[in-house]
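# Coordinates in review
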Amino acid sequence: MTAGTDGSASWPQIAGWYDQLLQQGSGPHQLAVATTLRLAGDVRGASVLDLACGQGIATRALARAGAAEVTGVDVTAEMIEAARRHESAGPLGIRYLIDDAQSLTTLRAGSFDIVTCQLGLMDIPDLTLALTAAARVLRPGGSLVFVIGHPCFLAPDASTALAMTGGRAGSSSSTSRTGSGGLPASRESGGPAITTAR
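My aim in this report is to walk through the structure given alongside it, one point at a time. Because the structure is predicted, anything quoted here is derived from the model rather than measured. (Residues numbered from 1 in each chain as written. Predicted model: local features only at pLDDT ≥ 70, side-chain atom pairs only at ≥ 80, totals over all residues. Heavy atoms only, no water.)

### Notes on the side chain of Gln118
- Relative to the helices and strands, Gln118 is located in strand β4 (residues 112-118).
- According to the relative accessible area criterion, Gln118 is buried, its value standing at 8%.
- Residue contacts for Gln118: discarding those within four places in its chain leaves His29, Ala32, Val33, Thr36, Asp50, Leu51, Ile57, Ala58 and Val147. (Helix = DSSP H or I, 4+ residues; strand = E, 2+ residues; numbered from the N terminus. Buried < 20%, exposed > 50% of the residue type's maximum accessible area, 1.4 Å probe, protein only. Contact = heavy atoms within 4.5 Å.)

As structure tokens, this is what we get:
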């Protein structure tokens, strides 16, 4: 993430907040990590690269799953600093590098059995360069595993129905409002919180 022309935050500016959010538990991130692990399959003994690793939530999960060698890369120094703090607090043998996923200049060709990218590809400006770099560092027959967020959750000025109702999951009736684009803005109590754009 880089600073937006509208003055929006950049990853260096929000690294501390983001690290704290993930430490407190973030359902979407926990689901993305679990999905990454499931898609990666048995990583025991594998050499794994985690692209756009941020503060290392998925990187640590890959190491705990038994990968023999795990490297996390991110272009944001503040994120790598947070990842290294986690590594110092609970060593797993992870190597963290500041590098651009679009080039991976610090890594040799054919170095990894698996390359993962959990919730990062959609924030990388040039997808073709990132995929080319990932292919370069993979060993022959290696795997690229990625998890991305659905675009409906990336709408400008989006908020969840839960936030819009002051923390209530909806009314007890079976009616629902429609938000921007005709999407449901809320559901019955116990239903999912639907993201809508204002």
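### Things to note about the nonpolar core
- Among the nonpolar cores identified, the biggest contains 17 residues, and Leu49, Leu51, Val73, Leu104, Leu107, Val115 and Val137 are the most heavily contacted of them.
- Of all the secondary-structure elements, those providing two or more residues to this core are β1 (47-51), β4 and α5 (127-137).
- No other element matches α5, which puts four residues into this core.
- One finds Ala40, Leu62, Tyr96 and Ile114 within the second-largest nonpolar core, a separate group that totals 15 residues. (Core = buried A, V, L, I, M, F, W, Y, C linked by side-chain atoms within 4.5 Å.)

### Looking at a nonpolar patch on the surface
- On the surface, a cluster of nonpolar side chains totalling about 480 Å² of accessible area is made up of Met122, Leu127, Leu131, Leu144, Phe146 and Ile148.
- When contributions to the nonpolar patch are tallied by element, the ones reaching two or more residues are α5 and β5 (138-147).
- Looking at the element boundaries, Leu127 is found in helix α5. (Patch = residues over 30% accessible without salt bridge, like charges linked within 9 Å, V, L, I, M, F, W, Y side chains within 5 Å. Areas by Shrake-Rupley, 256 points an atom, 1.4 Å probe, with all protein chains shown as cover. Salt bridge = Lys/Arg side-chain N within 4 Å of Asp/Glu carboxyl O.)

### Remarks on the pairing of β1
- β1 sits mainly inside the fold: five of its five residues count as buried.
- Side chains Ser47, Leu49 and Leu51 of β1 all project onto a buried face; the interleaved residues Val48 and Asp50 project onto the opposite face, where all are buried too.
- In terms of handedness, the path from β1 via helix α3 (residues 57-64) over to strand β2 (residues 69-74) forms a crossover that is right-handed.
- By the bridge criterion, four bridges tie β1 to β4 in an arrangement that is parallel. Within β4, the residue paired with Asp50 across the bridge is Thr116. (Right-handed = clockwise from strand over helix to strand, strands pointing away. Pairing = 2+ DSSP bridges.)

### Points about α3
- Summarising burial for α3: seven of the eight residues are buried, a large majority.
- Residues Ile57, Ala58, Thr59, Arg60, Ala61, Leu62 and Ala63 constitute the buried set of α3.
- Gly66 sits one or two residues past α3 and shows a positive phi near 110 degrees.

### Some thoughts on the sheet that holds β2
- Spatially, five strands are ordered β3-β2-β1-β4-β5 in an open sheet, and the strand pairing comes out parallel. The sheet terminates laterally at β3 (95-98) and β5, the two strands that pair on one side only. In this sheet, adjacent strand axes meet at a mean angle of 20 degrees when their direction is disregarded.
- Examined bridge by bridge, β2 and β3 share four bridges and lie parallel to one another. Bridge pairing in β3 links Thr71 to Arg95.
- On the sheet, α3 packs against β1, β2, β3 and β4 and is oriented at approximately 175 degrees with respect to β2. (Axes fitted to C-alpha atoms, helices over the stretch in contact; angles between N-to-C directions.)

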